[in-house]
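Geometric and topological summary
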Amino acid sequence: MMPDEWRELFELWAELPEYAARIKEAENNIKQILMAEWPVVLYSGGKDSLVLLHMVMRQNNQIPVYYSDSGYDYESQQIKMPKAMTDDIVKIGREAGAKILYSCGHKTPNSKRFFGNLFRVMKKHNCTVELLGIRGQESTRRTRRVKGPLIQMDGSRRVAFPLRDLDWRDIWAYLITNNIRYLSYYDKYAAVEGGYDKVRLTSRFSQGMVHKGGYYIDCVMMPEYRNEKPSDW
Amino acid sequence: MQSIYRKLKGYNPPSNFQPFKVEIKLGSPLLLANPYIHGDSVLMALLMRKLLRDEYYNLPAKNPLPVHNILKLPLKQTKGVYHSSVSQFDTDVVKTESVYKRFDEEHLDHVKSKIKRIRLGQGFFKNYMMKFPVIPTRTVTFYYNGNIKECSSILEDLTALGKKTDIGYGIVRKISIEETEEDYSFVKDGKCMRPFPAKDFKDLYGIPSVAQRLAWKAPYWDKKNITMCAAPGSIFYSHF
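The following paragraphs examine the structure supplied in this document. Quick caveat, the model's predicted, so the values are computed rather than measured.

A closer look at the overall build of chain B
In terms of helices and strands, chain B carries 5 helices and 16 strands. For chain B, the spread of C-alpha atoms along the principal axes amounts to about 70 × 45 × 35 Å. Burial statistics for chain B: of 240 residues in total, 44% are counted as buried. Within chain B, contacts between residues separated by at least 24 positions form 79% of all contacts whose residues are at least 6 apart in sequence. Surface accessibility of chain B: about 14000 Å² in total, with carbon and sulfur atoms responsible for 49%. With 37 positive and 24 negative side-chain charges, chain B shows a spacing of 9 Å between the two charge centroids.

Laid out in structure tokens, this is it:
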């Protein structure tokens with residue numbers, strides 16, 4: 001449950017004209033893409049992709065949604081996304097309006113086959129472009145990445161970032177004002193990390209994410225999942 | 001390796017046990033990579049350091065010694081599990097703190113080496129920032145059932161608890177030991193105090209409300225020691 005002071009902040013933020021303008025721009029971006037293309041929404045369960053999913057589904061809920069979770073890493077024998085979290089992410093996606101949602105990964109050691117599964121889904125639904133919930137504000141690297149035309153080439157892929165100009169407060173204000181359920185993980189970790197601006201959904205128990213508050217914080221915050229194995233599911 | 005084995009096997013702890021409580025007052029917050037510290041692992045680490053001296057720092061990490069079978073602690077055992085609780089803190093608050101590791105360039109003139117260049121962007125000397133969970137507790141309490149005299153002499157060497165103690169976290173200010181009337185090392189007020197195999201202790205305590213995959217013997221970081229355990233903090237249902 002989000003603390004009242006944070007909720008109030010986001011509710012006040014949603015009253016700003018700048019917020020309304022940025023949200024309108026994001027919705028227009030999606031509208032423009034839908035006029036010429038048939039996209040697939042790449043959904044991770046995080047706040048940004050949830051907002052993207054909700055915006056797209058409001059315009060056309062027949063657009064396929066692709067979710068690939070990292071599940072269990074058979075190499076390091078470590079859980080990367082607990083089953084309970086995966087189930088909740090999929091459930092939240094459906095609640096946000098996704099009618100055609102593909103959940104790939106978890107049970108088999110195919111978490112590395114992200115693109116293989118994605119391209120299969122795209123081929124099945126004749127999708128021409130991938131919609132990603134990346135924002136320029138997240139990092140300088142991402143600022144550079146989202147610059148340029150709305151639909152861009154990323155190697156052989158065609159990608160678009162409709163939310164590229166949104167602020168982190170815009171995202172939370174959108175979720176709060178539209179009464180969209182999000183992962184309870186955010187509330188739990190925001191209390192520890194000192195704010196909703198600092199929490200990010202990444203793969204859990206990742207040694208590679210130690211510097212971003214990965215492995216050690218997860219070990220303390222969610223010890224019940226630390227030694228989870230596929231045989232438990 | 002044989003000398004290590006001999007030194008550890010040669011330790012014979014006294015066998016008269018009684019329940020007691022160890023209260024450790026801390027001078028700085030505790031940095032952890034687990035929700036708790038296992039009481040027997042603290043004793044085991046201190047005892048091993050005492051017995052092995054410098055060899056303690058050169059133990060195999062990839063294939064750890066089965067210390068639980070070699071070294072006997074001055075603690076009571078039931079079904080192979082030591083009577084020692086996990087750490088009890090006086091707060092539920094968890095915060096995060098960033099730790100910065102930088103290569104010490106100031107004292108390079110003291111180093112006599114042929115190496116001319118050190119990479120700070122990658123490899124062993126890489127500079128990094130790491131986030132850790134911090135528990136701002138003032139006291140850490142452990143419940144044991146063992147030999148008080150022997151345990152207190154082992155705990156005398158305890159200077160700090162948790163991670164990153166070298167930069168001042170988890171500094172121990174005072175250790176007080178007092179006898180308790182009952183043994184709270186396994187269960188206190190109906191709550192589980194340490195991980196132990198749920199299946200083996202079903203007849204003694206009943207079914208735990210929360211069972212998790214946890215290590216139940218030292219070394220607790222070794223995945224080989226993981227089994228389905230009663231989780232610390234869970235309640236037992238005796239009549240299911």
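More follows now that the structure is in view.
Let's talk about unusual backbone geometry
A cis amide bond links A218 of chain B to the next residue, P219 of chain B, at an omega of -5°. Note that P219 of chain B resides in the loop between β14 (211-215) and β15 (226-230). For N179 of chain A, which is not a glycine, the phi torsion comes out positive at approximately 55°. If you trace the backbone, N179 of chain A turns up in the loop between α7 (168-177) and α8 (184-193).

Focus: helix α4 (residues 148-155) of chain B
Residues and elements named next belong to chain B. Of all the positions in α4, only I148, C151, I154 and L155 are classed as buried. Mapping the buried residues of α4 onto a view down its axis gives an arc of 130°, with all of them on the same face. In this structure, the buried residues of α4 make contact with β1 (18-26), α2 (39-52), β8 (139-146) and β9 (172-179). The backbone nitrogen of K149 lies 3.3 Å from a side-chain oxygen of the residue at the head of α4, namely N147.

Comments concerning a negative patch on the surface
A contiguous patch of negative charge, built from D4, E5, E8, E11 and E15 of chain A, is present on the exposed surface. Following the sequence through the fold, E8 of chain A ends up in helix α1 (residues 4-13).

Observations concerning the pairing of strand β1 (residues 39-42) of chain A
All names here are of chain A. Burial of β1 is two-sided: the residues P39 and V41 facing one way and the residues V40 and L42 facing the other way are all buried. Where β1 lies against strand β2 (residues 65-68), 2 bridges are found, and the strand directions are parallel. Each bridged residue has a counterpart across the sheet, and for L42 the counterpart in β2 is Y66. With helix α3 (residues 47-59) bridging β1 and its parallel neighbour β2, the resulting β-α-β unit is right-handed.

Details of the side chain of S49 of chain A
Residue and element names in this part refer to chain A. On the secondary structure map, S49 appears in helix α3. With a relative accessible area of 6%, S49 lands in the buried category. A distance of 3.3 Å separates a polar atom in the side chain of S49 from the backbone oxygen of G46. If sequence neighbours within four positions are ignored, S49 has contacts with L42, Y43 and S44.

Observations regarding the sheet that holds β8 of chain B
Residues and elements named next belong to chain B. The strand order β5-β8-β1-β9 describes an open sheet built from 4 strands, whose pairing is antiparallel. The two strands at the open ends of the sheet, each matched to only one other strand, are β5 (88-89) and β9. The pairing of β5 with β8 spans 2 bridges and is antiparallel. Paired with F89 across the strands is V140, a residue of β8.

Structural notes on the sheet that holds β14 of chain B
Residue and element names in this part refer to chain B. Within the open sheet, the 3 strands sit side by side as β12-β15-β14. Their pairing is antiparallel. Two strands bound the open sheet, and with one partner strand each, they are β12 (196-197) and β14. Pairing between β12 and β15: 2 bridges, direction antiparallel. By the bridge assignment, F196 is partnered in β15 with A230.

Things to note about the packing of α3 of chain A against α7 of chain A
All names here are of chain A. Axis separation between α3 and α7 bottoms out at 10 Å; the angle between their running directions is 55°. Considered as vectors, α3 and α7 are oriented oblique to each other. In this structure, α3 crosses over α7, and the sense of that crossing is left-handed. Taken together, the residues of α7 that come into contact with α3 (itself represented by K47, D48, L50, V51, H54, M55 and R58) are I171, W172, Y174 and L175. For the contact of α3 with α7, the class distribution of residues is 7 nonpolar, 1 polar and 3 charged.

Let's talk about the packing of aromatic side chains
Residues and elements named next belong to chain B. For the coordinates displayed, the defined rule picks out 32 aromatic pairs over all chains. On the numbers, 5.3 Å between centres and 80° between planes, the contact of F103 with F125 is edge-to-face. Taken together, the residues span a long stretch of sequence, with F103 in the loop between β6 (95-101) and β7 (128-135) and F125 in the loop between β6 and β7 at a distance of 22 residues. Residue F103 is classed as buried on the basis of its relative accessible area, which comes to 16%. Taking the relative accessible area as the measure of exposure, F125 reaches 35% and is therefore partly exposed. The interplanar angle of 5° and the centroid separation of 5.9 Å between the aromatic rings of F196 and F236 together place this pair among those described as stacked. Taken together, the residues span a long stretch of sequence, with F196 in strand β12 and F236 in strand β16 (residues 236-237) at a distance of 40 residues. Look at F196 and you get buried, because its relative accessible area is 0%. By relative accessible area, F236 is classed as buried at 15%. Over the face of the ring belonging to F201 we find K79, whose NZ or CZ atom lies 5.6 Å from the ring centre.

Reading the values: the criteria
- Residues numbered from 1 in each chain as written.
- Chains lettered and ligands numbered in written order.
- Predicted model: local features only at pLDDT ≥ 70, side-chain atom pairs only at ≥ 80, totals over all residues.
- Heavy atoms only, no water.
- Helix = DSSP H or I, 4+ residues; strand = E, 2+ residues; numbered from the N terminus.
- Buried < 20%, exposed > 50% of the residue type's maximum accessible area, 1.4 Å probe, protein only.
- Contact = heavy atoms within 4.5 Å.
- Areas by Shrake-Rupley, 256 points an atom, 1.4 Å probe, with all protein chains shown as cover.
- Lys, Arg positive; Asp, Glu negative; His and termini not counted.
- Charge placed at Lys NZ, Arg CZ, Asp CG, Glu CD.
- Arc of directions from axis to C-beta.
- Polar contact = N/O pair within 3.5 Å; in protein donor to acceptor, adjacent residues only side chain to side chain.
- Patch = residues over 30% accessible without salt bridge, like charges linked within 9 Å, V, L, I, M, F, W, Y side chains within 5 Å.
- Salt bridge = Lys/Arg side-chain N within 4 Å of Asp/Glu carboxyl O.
- Pairing = 2+ DSSP bridges.
- Right-handed = clockwise from strand over helix to strand, strands pointing away.
- Axes fitted to C-alpha atoms, helices over the stretch in contact; angles between N-to-C directions.
- Parallel < 35°, antiparallel > 145°, perpendicular 65-115°, else oblique.
- Left-handed = near helix turned anticlockwise from the far one by under 90°.
- Nonpolar A, V, L, I, M, F, W, Y, C, P; charged D, E, K, R; others polar.
- Phe/Tyr/Trp six-rings, centres within 6.5 Å; stacked < 30°, edge-to-face > 60°.
- Lys NZ or Arg CZ within 6 Å of the ring centre and 35° of its normal.

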